[in-house]
2 protein chains.
Amino acid sequence: MEPRTLKGFRDYLPAIEAPRKAMIRAIEATFECHGFVPLQTPALEYLETLAGKYGDEGDKLLYRFADHGARDVALRYDLTVPLARVVAQHRGELQLPLRRYQVAPVWRADKPQRGRFREFVQCDADIAGVDSAIADAEVLCAGLAVLDALHIDGARLHLNHRGVLFGLLRTAGVADLALQLASIRAIDKLDKIPAHAVRAEMVGHGVPDEVAGAVLARFTTERPALEGLDAALSTASDAATFEAVARLRRVVELVTAAGHGDRIVFDPTIARGLDYYTGLIYETRLTDARVAGIGAVMSGGRYDGLIGLFCKDAIPAVGISLGLDRLLAALVELGLAADGDARVPVYVTVFDPSTAQAALGLAGRLRAAGLRAEVDAVGGKLGKQLERASKRGARVAAIVGPEEVAAQTVVLKDLRRGVQERFALETVTQATREWIERPD
Amino acid sequence: MEPRTLKGFRDYLPAIEAPRKAMIRAIEATFECHGFVPLQTPALEYLETLAGKYGDEGDKLLYRFADHGARDVALRYDLTVPLARVVAQHRGELQLPLRRYQVAPVWRADKPQRGRFREFVQCDADIAGVDSAIADAEVLCAGLAVLDALHIDGARLHLNHRGVLFGLLRTAGVADLALQLASIRAIDKLDKIPAHAVRAEMVGHGVPDEVAGAVLARFTTERPALEGLDAALSTASDAATFEAVARLRRVVELVTAAGHGDRIVFDPTIARGLDYYTGLIYETRLTDARVAGIGAVMSGGRYDGLIGLFCKDAIPAVGISLGLDRLLAALVELGLAADGDARVPVYVTVFDPSTAQAALGLAGRLRAAGLRAEVDAVGGKLGKQLERASKRGARVAAIVGPEEVAAQTVVLKDLRRGVQERFALETVTQATREWIERPD
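Residues numbered from 1 in each chain as written. Chains lettered and ligands numbered in written order. Predicted model: local features only at pLDDT ≥ 70, side-chain atom pairs only at ≥ 80, totals over all residues. Heavy atoms only, no water.

Caption draft 1: Focus on the overall build of chain A. Helix and strand content of chain A: 16 helices and 16 strands. Each of the 440 residues in chain A was classed as buried or not, and the buried ones make up 60%. Taking the intrachain contacts of chain A between residues at least 6 apart in sequence as the baseline, contacts between residues at least 24 apart amount to 67%. A total accessible area of about 16,400 Å² is found for chain A, and carbon and sulfur atoms account for 52% of it. Placing the 55 positive and 58 negative side-chain charges of chain A at their respective mean positions leaves the two points 4 Å apart. (Helix = DSSP H or I, 4+ residues; strand = E, 2+ residues; numbered from the N terminus. Buried < 20%, exposed > 50% of the residue type's maximum accessible area, 1.4 Å probe, protein only. Contact = heavy atoms within 4.5 Å. Areas by Shrake-Rupley, 256 points an atom, 1.4 Å probe, with all protein chains shown as cover. Lys, Arg positive; Asp, Glu negative; His and termini not counted. Charge placed at Lys NZ, Arg CZ, Asp CG, Glu CD.)

Right under this line is the structure:
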């Protein structure tokens, strides 16, 4: 049988999984630092929980099937809809506002391409239960702090608001809500397909060609700045639009006060393809031209209507989602992925069968002190074992021959310096710790 | 729409997910300490990769479906078969012996019951590429050290060897290999169903009734000890059986030398239901009678033929797998699950809209120093905010009113002691750290 993975799926071997895991730990620590607590949901949901939440295009990408009980089920498509279900289902047990983070894989039967996989890990932080500029800002701060924690300098968070989009569309002459939503889904593709294709898509949905042209001019050549938004929107002039502008400005102020102002930029072309966003929306783009085409690496927004689909109460919420595997793919392309620490610092050799117990005993002693150690499980000549130790990236090899067993000693060999020295069993743990930490 | 989870699946809310995550981190750290490195595989595999590896009963429990490209796919059933595929597929890139660990969910359409879920996380450590008593012992030491790391005293690892099982079956009169395997699958159920039902299952497979009775007497009443195994097996008398006994003894010696001898016990009734085991096998049972019925929480064994199903080379391997969710369920039943740290130690209040920026700025400062802090996102009266702070489990509330903004100060309030004190902005990080660490 030919061993193979499905297209769009991949194995993460230790050399890349070790830094990937380090990224996950840094992300989780940063979310926790911002007051978010962990929550986990099943990979499989009732199909009806997920269907209809992501628009027609999203619906088609759901991995769905009938389970053993003939129930229609689907693999989760994102972490946001399951969170909405959880908040509705357990709202008696949960204290609102809830700040939860979740790191978990999601599945989309999308066309695999650069930075786009059919299985990928999302790292989400959301605040459910409050609609406020502070909640928006806190979520953005958590996301931006993650970029700092991952030492990613070349990234900008592009910020917009659905209310601003609606206002700009109205002032350009798109009055119908369904047409506005279809236009938003088309505008969302401006960074992926040419403007004329976006225009054709809008016209296909029923937007008059010259109106579509005016809309796209607005988003591509005019591009109002945050400062000029009130003027640009003057003909829309409804309260909701100006509230949207005010919220945008307030969020920028707050995120700036928290020290992340240099990372955010207002961008009226940000639209987000998903239907459930109602307020602030954002996407994070890498600034390095070599990976600009890889798409958004951290996105999200406010979705005040989603939880209400699962319960009577309207519970507002806002969240941010980092696409771990796309970001990792970009870092690998840029040569910025951390070196995988798939090594082991201490390698305990086995001199001969008569000393194997002593070797295991020594390893137990080192590990109990928190040192990472491996015992050679292959055996054979000491030279071969030392070669394996070097291949495993070990700094120190420990040797316990019959003489050492009798004298209750251990020989340590520094594999980079080539020197070796004998230690009493009681002092070997401390010596090993010092040896693996000393410079070459 | 009624929000609901599928039967056999569950949400882990923060109060239980926080300690669950702490367990995962302790398990991963312990595996790393034993020289294992992380590896991750997709949740979905080609059906042919998984089918036929777990016996007929396992095959029926696979979640399988046709994907968008009409490929037959299945959700992974365990982490062992995917590892075998990975080793075969990437053997040019991997350095053998490979010590890998993986923590990931698996899916089985099993009948949900106490401690048995349809989705559950497995924590596996395996050594592929070598067949030796040291490899067996190293895997066992890693598993036993995990029990120590999780502070689980009441657990015993029951050890057996497929070769001993085959020898005992042969001496009892079951000579045919297919009947031996069917008998092993039946014997594996001795801790779940009554002996007469196991006997009926063996007879159903074609074992004569009196032979089945003799076999079960051997496993239930006679139960040879490790010391008496050679005598008990004397009529089997083939080299493979005595090698199996010798391996068992050697592994016990090595695990004992590593300091874990008090946790392991030879148990001839351990059979393991899966077909792929070829050598050492083991199951870990909790000793507390209240949760004895929950089944094995950490199991595994040697599977020297599995990788060879995917490539020409016969690559031996041994592994151990901890069932995180079953263990957690048992700890919850025993009242031993760690308290979920779903709290936040520092709660930054927002005095009024004019001071919100200062509050965010303070939070940014505290978080940059590694402190876990949350900014109140709801607003309103300070008293209400302090109530929310207490509900979130915060130890310290920070208050920045207009006076504090003007004077570049912050008031800290100890929510347990009830006292408060004003600090200069430059010293507040250090003061906060001291306050959250001081005793009540």
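Caption draft 2: Layout of the sheet that holds strand E8 (residues 264-266) of chain B. All names here are of chain B. The sheet built from eight strands is open, its strands ordered E1-E5-E6-E11-E10-E9-E7-E8 with mixed pairing. Two strands lie at the open edges of the sheet, namely strand E1 (37-38) and E8, each paired on one side alone. Pairing geometry for strand E9 (residues 280-286) and strand E10 (residues 298-302), over four bridges, is antiparallel. Bridge pairing in E10 places tyrosine 282 opposite glycine 300. Contacting strand E7 (155-161), E8 and E9, helix H6 (residues 162-172) runs over the sheet at an angle of about 60 degrees to E7. (Pairing = 2+ DSSP bridges. Axes fitted to C-alpha atoms, helices over the stretch in contact; angles between N-to-C directions.)

Caption draft 3: The arrangement of the relation of the copies chain B and chain A in detail. By a simple turn and slide, chain B fits onto chain A: the slide is 0.0 Å along the axis, the RMSD is 0.0 Å, and the turn is 180 degrees. Each copy turns onto its partner about a two-fold axis. Within chain B, the C-alpha atom positioned nearest to the axis of rotation is that of phenylalanine 65 of chain B, 3.1 Å from it. When the interface residues of chain B are mapped onto chain A, 100% of them again fall at the interface, so both copies present the same face. (Least-squares fit on C-alpha atoms with pLDDT ≥ 70 in both.)

Caption draft 4: Molecular detail of the domain arrangement of chain A. Once the domains are mapped, chain A shows domain 1 (14-334) and domain 2 (346-437). Here the C-alpha centroids of domain 1 of chain A and domain 2 of chain A sit 52 Å apart. (Domains from an automatic or database assignment.)

Caption draft 5: Structural detail: the pairing of strand E9 (residues 280-286) of chain A. Residue and element names in this part refer to chain A. Within E9, seven of the seven residues are buried, which leaves it mostly tucked inside the rest of the structure. Summarising the sheet, strand E7 (residues 155-161) and E9 pair through seven bridges and their orientation is antiparallel. Note on E9: the bridge partner recorded for alanine 155 is leucine 286.

Caption draft 6: Expanded view of the environment of alanine 330 of chain B. Residue and element names in this part refer to chain B. Topologically, alanine 330 is positioned in helix H12 (residues 324-333). Taking relative accessible area as the criterion, alanine 330 reaches 0% and is therefore assigned buried. Along the chain, alanine 330 and valine 297 lie 33 residues apart, while their C-alpha atoms are 9.1 Å from each other. Discounting chain neighbours no more than four positions away, the residues touching alanine 330 are Leu286, Val291 and Ile294.

Caption draft 7: Quick look at the side chain of lysine 21 of chain B. Inspection of the secondary structure assignment puts lysine 21 of chain B in helix H1 (residues 14-33). When residues no more than four places from it in sequence are discounted, the contact partners of lysine 21 of chain B are Glu28, Pro38 and Tyr101 of chain A.

Caption draft 8: Representation of the packing of helix H13 (residues 356-368) of chain A against helix H11 (residues 239-257) of chain B. Two numbers describe how H13 of chain A lies on H11 of chain B: the axes approach to 7 Å, and their chain directions differ by 40 degrees. In this view, H13 of chain A runs oblique relative to H11 of chain B, as classed from their interaxial angle. Of the two possible hands of crossing, H13 of chain A and H11 of chain B adopt the one that is right-handed. Touching Ala356, Gln357, Leu360 and Gly361 of chain A of H13 of chain A are Arg250, Glu253, Leu254 and Ala257 of chain B, all from H11 of chain B. In the contact of H13 of chain A with H11 of chain B, the residues fall into four nonpolar, two polar and two charged. (Parallel < 35°, antiparallel > 145°, perpendicular 65-115°, else oblique. Left-handed = near helix turned anticlockwise from the far one by under 90°. Nonpolar A, V, L, I, M, F, W, Y, C, P; charged D, E, K, R; others polar.)

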